[in-house]
Amino acid sequence: MVFPLAKGARGLLLTFALCMSLACTSRASALVHHDYCIIGAGPSGLQMAYFLQQASRDYVVFERSHAPGSFFALYPRHRKLISINKRYTGKSNSEFNLRHDWNSLLSHDSRLLFRHYSRDFFPHADTMVRYLEDFASRLELQVQYNTAITHVTLDRDPQAWNSHYFILTDQNSQTYRCSLLLVATGTWVPNVVSFTGSEYVEGYETVSINPDDFAGQTVLILGRGNSAFETAENILGVTNFIHMVSRSRVRLSWATHYVGDLRAINNGLLDTYQLKSLDGLLEGDLEDLAIVKDKKGKLHITLRFYLENSNSSAGAETVTLPQDELDNFATRAPYDRVIRCLGWKFDFSIYNRSLRLMPGRGNKRKYPQIKPSYESRGTRGLFVLGTASHSNDFRKSAGGFIHGFRYTTRAVHRLLENRHHGVPWPSPIYPITQLTNSIIKRVNEASGLYQMFSVLADIILVKENATAFEYLEEYPVGILAQLELHTGRKAPSGLFAVIMEYGRNFSGADKDVFYYNRAVGEAQHAWQSNFLHPVIYYYKRLPTEREMRLRPPDWPLPRPDAIHHIVEDFLTDWTAPNAHILPLRRFLENCLGTDLRNFFAESCFLIALTRQKLPPSCQQGYLRMQGLVGSEGLRRHAVKASLMENYTVVDSPNKLLDGQKELHDQLLKDHVIPGRPLQHLINTKDEL
């Protein structure tokens, strides 16, 4: 009797083991793997998808909605974007025009420029949704819609790119394994402040947008950003009055030069406040407020300490209000509605603690902590893109907006190409004589430098003996010390960093940016330029990480060995021979100890006779016989015009031997020297 029982037990055990094996196999087959996983099909997610697809990488984009750009399907509530759509600039250069196109993503398809979608200077938000749908479909990006990622954790594996995989789970419990995670979800969770009576507050995300619903009402708005002023602008003409309260003072974008501050299109309430038309602005900490509701449904504003010794559920009739002690208390009039317009924050809830994705500090706590390379400070291989990456340049540059993060996203892609695929950062090599023209061309055209001022820089690596240079475009300045690691390029002989900056004391909420004589026009005073202008830093060697940490406050880079400001220009056109180009060329020559001018052959000949060191243009051209080479047609024209003697009349090519004739014909052929010359922006004298 024992043996059948044992046999049955063994059979049961084998059956159980077989079932477990099949279950494990089933789960393994259900685990979908991708090298790159992108969460969110908003602008930054689609932009990264485009770059990965162009590089033929294995990737997928997870989008919780049925279409891309779900944030823009809801916000802004009143449907007018504040990102400009400037369709005409007077220029045909596509890179220059992107400086004034704040909505287009980067692609090779000229049909996917936003100016083809809207004629409005401030477009309708629905147009952005349609644009993003076209961007994803026309470029055939790999987007998996209706997939909400609900949990992200790590799976340690020494064989993985970063010694771990990212395991993603969606709303249907489907799991995905990713070698690298790119978070492009933006900031979409409403900021909420809790205080006594906050249950009476309506949120920006749900409040009515029909002005008729506010007719004859008195409204208090909590917040002082663009969403608050957008809400006020919508109801300004129908309310009794609007009060707005926030902890910070109003920051106007034209004063701070930060596009996230209050834009002029929404600031009608500032007029009605300053011109005394009942509306007003107040400063105060929202957490110190309290709201009590009276029997008529009116909302009274009081302070928290008034309720500390009172019944918090008591009505306004039994609670001590500030006006009971101070009869001219500013907010003594009751309100019909209180609206919360405090912006959004990043959703940290789906990330397991093992990822160590932590909120920032202070006014950056709504963003995750990231390095200047846009990689998470807690987990290698997790990168944050788009609006959520704005902690790197919050209140400084445009990294939280499409016209900024389309370039930081491209920078992240180039970092990943070098790290995981051995593809170095693009860096064409030019002869040193093209250095001045290269810089002038970029500062006049480049959109990435212009929009991501003080954040992205062009890096120029000087080759040995200063005979040539490599040009790296739009590299994050915060990781300059690790340039060789991140780009696969070497900097043995010094480098230049080309960056755009505002004047040190020109921007700020308390600055008068319209003061008289604010413009600087003389090249010798270029360092005092106030408006956005190019600045060139020169380093004899690559700065160290310690030097980066100890750089002066508000400096994007450490103190250089030499620095040059190109004087600001009213037209942002830095092509003036005397004001812009000549000072720049002399600065470069002083740094390199060479002459960057281009010389004719006669000048090179004279210099060769009188100097020990020839300028690079003579070394690369005249002495190597790479100057202008004549042709038979040009020779005949010169003879006919009596500009030169006819030396071929004695021995005609027809009388030459076959071998001599071939040599003669070869010498008369047009000679083209292979190379990658840059087209000169202007024609100037030798000095320029």
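Residues numbered from 1 in each chain as written. Predicted model: local features only at pLDDT ≥ 70, side-chain atom pairs only at ≥ 80, totals over all residues. Heavy atoms only, no water.

1. Quick word on the overall build of the chain
Now for step 1: Along the backbone of the chain there are 20 helices and 22 strands.
Now for step 2: Looking at the chain as a whole, 49% of its 688 residues qualify as buried.
Now for step 3: The contacts in the chain between residues at least 6 apart in sequence include a share of 65% that link residues at least 24 apart.
Now for step 4: Looking at the chain as shown, the accessible area adds up to about 35200 Å², and 52% of this sits on carbon and sulfur atoms. (Helix = DSSP H or I, 4+ residues; strand = E, 2+ residues; numbered from the N terminus. Buried < 20%, exposed > 50% of the residue type's maximum accessible area, 1.4 Å probe, protein only. Contact = heavy atoms within 4.5 Å. Areas by Shrake-Rupley, 256 points an atom, 1.4 Å probe, with all protein chains shown as cover.)

2. Focus on the packing of aromatic side chains
Now for step 1: Tallying each qualifying case throughout the model produces 28 aromatic pairs.
Now for step 2: With a centroid separation of 4.8 Å and 35 degrees between ring planes, the pair formed by Phe496 and Tyr538 is classed as tilted. On the criterion of sequence distance, the pair formed by Phe496 in strand β20 (residues 495-501) and Tyr538 in strand β21 (residues 533-539) is long-range, its members being 42 residues apart.
Now for step 3: Residue Phe496 is classed as buried on the basis of its relative accessible area, which comes to 0%.
Now for step 4: Owing to a relative accessible area of 8%, Tyr538 belongs among the buried residues under this scheme. (Phe/Tyr/Trp six-rings, centres within 6.5 Å; stacked < 30°, edge-to-face > 60°.)

3. Some points on the sheet that holds strand β18 (residues 456-462)
Now for step 1: Sheet architecture is open: 6 strands sit in the order β17-β19-β18-β20-β21-β22, paired in antiparallel fashion. Taken across any chain shown, the strands that pair with only one partner, and hence form the sheet edges, are β17 (429-431) and β22 (562-565). Direction aside, neighbouring strands of the sheet carry axes that sit 25 degrees apart on average.
Now for step 2: Relative to strand β19 (residues 468-476), β17 runs antiparallel, the two sharing 3 bridges. (Pairing = 2+ DSSP bridges. Axes fitted to C-alpha atoms, helices over the stretch in contact; angles between N-to-C directions.)

4. Section: a nonpolar patch on the surface
Now for step 1: Residues Phe605, Leu606 and Leu609 make up a contiguous nonpolar surface patch of about 310 Å² in total accessible area.
Now for step 2: Among the secondary structure elements, Phe605 is positioned in helix α17 (residues 601-610). (Patch = residues over 30% accessible without salt bridge, like charges linked within 9 Å, V, L, I, M, F, W, Y side chains within 5 Å. Salt bridge = Lys/Arg side-chain N within 4 Å of Asp/Glu carboxyl O.)

5. A look at the packing of helix α12 (residues 435-445) against helix α16 (residues 577-592)
Now for step 1: Remark: α12 packs on α16, axes separated minimally by 10 Å, with the N-to-C direction vectors making an angle of 130 degrees. Taken as axis vectors, α12 and α16 run oblique relative to one another. Judged by the twist between their axes, the crossing of α12 over α16 is right-handed. Here Leu435, Thr436, Ile439 and Ile440 of α12 lie close against α16, whose contacting residues are Ile581, Leu584, Arg585, Leu588 and Leu592.
Now for step 2: Here the contact of α12 with α16 is composed, by residue class, of 7 nonpolar, 1 polar and 1 charged. (Parallel < 35°, antiparallel > 145°, perpendicular 65-115°, else oblique. Left-handed = near helix turned anticlockwise from the far one by under 90°. Nonpolar A, V, L, I, M, F, W, Y, C, P; charged D, E, K, R; others polar.)

6. A short note on the side chain of His580
Now for step 1: In this fold, His580 is placed in helix α16.
Now for step 2: Of the residues examined, His580 reaches a relative accessible area of 3% and is grouped as buried.
Now for step 3: At a separation of 3.4 Å, a polar atom in the side chain of His580 contacts the main-chain amide nitrogen of Thr575.
Now for step 4: Apart from residues lying up to four places away in sequence, His580 is in contact with Ile566, Val567, Asp569, Asp573, Trp574 and Thr575. (Polar contact = N/O pair within 3.5 Å; in protein donor to acceptor, adjacent residues only side chain to side chain.)

7. Description of helix α6 (residues 226-235)
Now for step 1: When you tally the buried positions in α6, you get 8 out of 10 residues, the bulk of the element.
Now for step 2: Those residues of α6 that sit buried are Asn226, Ser227, Ala228, Phe229, Glu230, Thr231, Ala232 and Ile235.
Now for step 3: The inward-facing, buried residues of α6 abut β9 (218-222), β10 (241-246), α8 (268-274), β11 (280-283) and β14 (337-340).

8. A closer look at the confidence of the model for the chain
Now for step 1: For the chain, per-residue confidence averages 86 on the pLDDT scale, and residues scoring 70 or more make up 85% of the total.
Now for step 2: This model gives residues 1-29 a pLDDT under 50, and the stretch forms 0 contacts once residues within four places in sequence are excluded.
Now for step 3: Counting interchain partners and residues more than four positions distant, the pLDDT-below-50 stretch residues 649-656 has 5 contacts. (pLDDT = per-residue confidence, 0-100.)

9. A short note on the environment of Tyr36
Now for step 1: Its location among the elements puts Tyr36 in strand β1 (residues 32-39).
Now for step 2: Owing to a relative accessible area of 1%, Tyr36 belongs among the buried residues under this scheme.
Now for step 3: Distance in space between the C-alpha atoms of Tyr36 and Gly381 is 9.9 Å, their sequence separation being 345 residues.
Now for step 4: Those residues within four positions of Tyr36 in sequence are excluded, and the remaining contacts are Leu52, Arg57, Asp58, Tyr59, Val60, Trp161, Leu180, Leu182, Leu416, His420 and His421.

10. Structural notes on the packing of helix α2 (residues 43-54) against helix α11 (residues 402-421)
Now for step 1: At a closest axis distance of 9 Å, the pairing of α2 and α11 adopts a crossing angle of 35 degrees. Where α2 crosses over α11, the two elements pack in a sense that is right-handed. Facing Pro43, Ser44, Gln47, Met48, Phe51 and Leu52 of α2, the residues of α11 in contact are Ile402, Phe405, Arg406, Thr409, Arg410, Val412 and His413.
Now for step 2: Of the residues in the contact of α2 with α11, the class split is 7 nonpolar, 4 polar and 2 charged.

11. Concerning the pairing of strand β6 (residues 175-183)
Now for step 1: The buried fraction of β6 amounts to 7 of the 9 residues, a majority that puts the element mostly inside the structure.
Now for step 2: Pairing geometry for β1 and β6, over 7 bridges, is parallel. Following the sheet pairing, Cys37 is matched in β6 by Leu181.
Now for step 3: Inspection of the sheet shows strand β5 (residues 164-170) paired to β6 by 4 bridges, in the antiparallel sense. Note on β6: the bridge partner recorded for Leu168 is Tyr176.
Now for step 4: The antiparallel hairpin formed by β5 and β6 contains 4 residues in its connecting segment, where Ser173 sits at a positive phi of about 65 degrees.
Now for step 5: Two strands pair when backbone bridges link them, and β6 and strand β16 (residues 382-384) are joined in this way by 3 bridges, in the parallel orientation. The partner of Val183 across the bridge, within β16, is Val384.

12. Description of the environment of Ser107
Now for step 1: Note that Ser107 resides in the loop between α4 (94-97) and α5 (125-138).
Now for step 2: It is 8.9 Å that separates the C-alpha atoms of Ser107 and Leu139, two residues lying 32 residues apart in sequence.
Now for step 3: Polar side-chain contacts of Ser107 include one of 3.2 Å to the backbone nitrogen of Asp109.

13. Concerning the environment of Ser376
Now for step 1: Relative to the helices and strands, Ser376 resides in the loop between β15 (344-345) and β16.
Now for step 2: Beyond its immediate chain neighbours, meaning those up to four positions away, Ser376 contacts Arg356, Leu357, Gln369, Ile370, Lys371 and Leu382.
Now for step 3: Only 3.4 Å separates the side chain of Ser376 from the backbone nitrogen of Thr379, close enough to count as a polar contact.

14. Let's talk about the sheet that holds strand β8 (residues 202-203)
Now for step 1: One open sheet accounts for 5 strands, arranged β8-β14-β9-β10-β11; its pairing is parallel. The two strands at the open ends of the sheet, each matched to only one other strand, are β8 and β11.
Now for step 2: In this sheet, β14 lies alongside β9 in parallel orientation, the contact comprising 4 bridges. Each residue of the ladder has a partner; that of Leu222, found in β14, is Arg340.
Now for step 3: Its contacts with the sheet place α6 against β9, β10, β11 and β14, and it is angled at close to 175 degrees to β10.

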